[in-house]
Amino acid sequence: MESGIDFENIPPEMAKYRTPLVSRYASPEMAYTFSEMKKFSTWRKLWTWLAKSEKTLGLNISDEQIAEMEANLMNIDFKRAAEEEKKRRHDVMAHVHTFGVCCPKAAAIIHLGATSAFVGDNTDLIVMRDAFDIVLPKLARCIQRLAVFAEQYKNLPCLAYTHLQPAQLTTVGKRACIWIQDLLMDLRNIERARNDLKFRGVKGTTGTQASFLALFEGDEEKVEILDRLVTEMADFKQHFLICGQTYTRKVDIDSLSTLASLGASVHKICTDIRLLANFKELEEPFEKEQIGSSAMPYKRNPMRSERCCALARHLMTLVQDPLMTHSVQWMERSLDDSANRRICLAEAFLTADIVLSTLQNISEGLVVYPKVIKRRLELELPFMATENIIMAMVKAGADRQECHEEIRVLSHEAGAVVKQEGGDNDLVERIKKSQYFKPIHAQLEAILDPSTFTGRAPSQVTKFLAAEVKPAIKPYSGKLDEISELNL
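The paragraphs below set out a description of the structure included in this document. Worth saying up front: this structure is predicted, and the values here are computed from it rather than measured.

### Here we look at the pattern of salt bridges
In this structure the tally under the stated criterion is 29 salt bridges. Close ionic contact of Arg333 with Asp337 constitutes a salt bridge, the shortest N to O distance being 2.9 Å. On the basis of relative accessibility, which here comes to 23%, the residue Arg333 falls in the partly exposed class. Relative accessible area serves as the criterion here: at 0%, Asp337 is assigned to the buried category. For Arg430, the salt bridge identified is with Glu413, shortest N-O distance 3.1 Å. One end of the pair, Arg430, is in helix H18 (residues 427–433); the other, Glu413, is in helix H17 (residues 400–420), with 17 residues separating them in the sequence. Arg430 gets classed as partly exposed once you look at its relative accessible area, which sits at 25%. According to the relative accessible area criterion, Glu413 is partly exposed, its value standing at 35%. Sharing partners across several salt bridges, the network here consists of Asp121, Arg249, Arg333 and Asp337.

Encoded structure:
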């Protein structure tokens, strides 16, 4: 411990580590979803739903007890709960007793027949469902913002790159559609993971429902109804028919795999933006008072895209936790999952949340520099147009092989100017000065029109946006214009 620290004059929240995912990045709604209040109030809701369902099925539980529980769902004495946990070394029983203190009439029936996983696992499933419901519209908004950008720039020719070397042309909008297509796959995968979530339900200590069968004196039908009633109260459409003490941890793998895949998509998009910013073709939003570098005032660093890449890498790694956790869940369960899941589940959703908020901010303010794009095209397009020039000469009566040699020589000369002298590509000027190519001099401007080199890119954008993007984001249409406050 560092000596001489006056802890009394340091605000308590500043004297201990706080994850930047909450203190610096994530939205208030996602931070609350993984908060202590959300967790323990959900535990109390589950105990109340269980008691109501048990009462419905004939157990000796009064309306007064239920009302008392419902009145104290949010009345949580966290200090008492911490003291109880320190004494009992069991978080669930600590909160059973804490709930019982403010519900003295109901204390005897709280947690009746249940095991810790009843509140622990079911709460995790509720929280993940609610977290997916925050992530999905944010992802749809990113797709929609990029779709607007793609439509706006579907006709603007630009260099395409393979191996990060200039290749044939595409359009700015078509490249954005490549980004969108990945995000559409993520939207589909996350929707599936969310909709596939099943409630653990009311299963007992090893999943056999033995304790509830005893409560209902061997009546299996009542146990099944109990399971269904609590599932419906939690607003789940289905519950597991089979589980051990916990729901299978493959659910966590499914959930975090989709988020990790989203991380890969965002990392690729933001890496492209960073490269294009280096080329000065494209920039992310840059605020009037924003500082790019403390030492270099002229710099306009792509800091939002860099943040996305940094956090996306973290998001991609988190799926390793549930993979390894599931692989070592011995028999009906092993408690070595607990501490790990407290970290990785929350961090995955919190990270996905801020990655999407930041990507939305980027996509709403992308700046395109057409003149820079045109200049970069002019440096490369003459080389790409050589085949078109040869074909035009052949149509004018020239010999194909002879023409190939003529333009090969001129291309090498122009290439030497670019690479050895640092000059501009002057191939077109050389062709204009060449008597050999005089038959097509009047056609050169048309031959070198960049729009003739983009193929079907503009129409591909139009068709893609109509056929794939619009239907995918339609379910979120009511939320597409929402812009959350971003901690950027």
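Still more to cover.
### Description of the side chain of Arg304
Counting through the fold element by element, Arg304 comes out in helix H12 (residues 303–317). At a separation of 2.6 Å, a polar atom in the side chain of Arg304 contacts the side chain of Asn361.

### Here we look at H12
An ideal rise of 1.5 Å per residue puts 21 Å on 15 residues; H12 measures up with 22 Å between its terminal C-alpha atoms. Residues of H12 that are buried: Arg304, Ser305, Arg307, Cys308, Cys309, Leu311, Ala312 and Leu315. Of the surrounding elements, those touching the buried residues of H12 are helix H1 (20–25), helix H11 (250–279) and helix H14 (338–364).

### Re the packing of H11 against H12
The N-to-C vectors of H11 and H12 enclose an angle of 155°; their axes lie 8 Å apart at closest approach. Overall, the two elements H11 and H12 adopt an arrangement that is roughly antiparallel. Like other packed secondary-structure pairs, H11 and H12 cross with a definite hand, here left-handed. Along its contact with H11, which presents Leu259, Ala260, Gly263, Ala264, Val266, His267, Cys270, Thr271, Ile273 and Arg274, the element H12 presents Ser305, Glu306, Cys308, Cys309, Ala312, Arg313, Leu315 and Met316.

### Overview of unusual backbone geometry
A positive phi angle, close to 55°, is found at Arg89, a residue other than glycine. For Arg89, the location among the structural elements is in the loop between helix H5 (78–88) and helix H6 (91–102). Taking relative accessible area as the criterion, Arg89 reaches 71% and is therefore assigned exposed. Positive phi values are uncommon outside glycine, yet Gln209 reaches one of about 65°. The residue Gln209 is located in the loop between helix H8 (172–196) and helix H9 (210–215) in this model. A relative accessible area of 17% means that Gln209 is categorised as buried.

The rules behind each value
- Residues numbered from 1 in each chain as written.
- Predicted model: local features only at pLDDT ≥ 70, side-chain atom pairs only at ≥ 80, totals over all residues.
- Heavy atoms only, no water.
- Salt bridge = Lys/Arg side-chain N within 4 Å of Asp/Glu carboxyl O.
- Buried < 20%, exposed > 50% of the residue type's maximum accessible area, 1.4 Å probe, protein only.
- Helix = DSSP H or I, 4+ residues; strand = E, 2+ residues; numbered from the N terminus.
- Polar contact = N/O pair within 3.5 Å; in protein donor to acceptor, adjacent residues only side chain to side chain.
- Expected span 1.5 Å × (residues − 1).
- Contact = heavy atoms within 4.5 Å.
- Axes fitted to C-alpha atoms, helices over the stretch in contact; angles between N-to-C directions.
- Parallel < 35°, antiparallel > 145°, perpendicular 65-115°, else oblique.
- Left-handed = near helix turned anticlockwise from the far one by under 90°.

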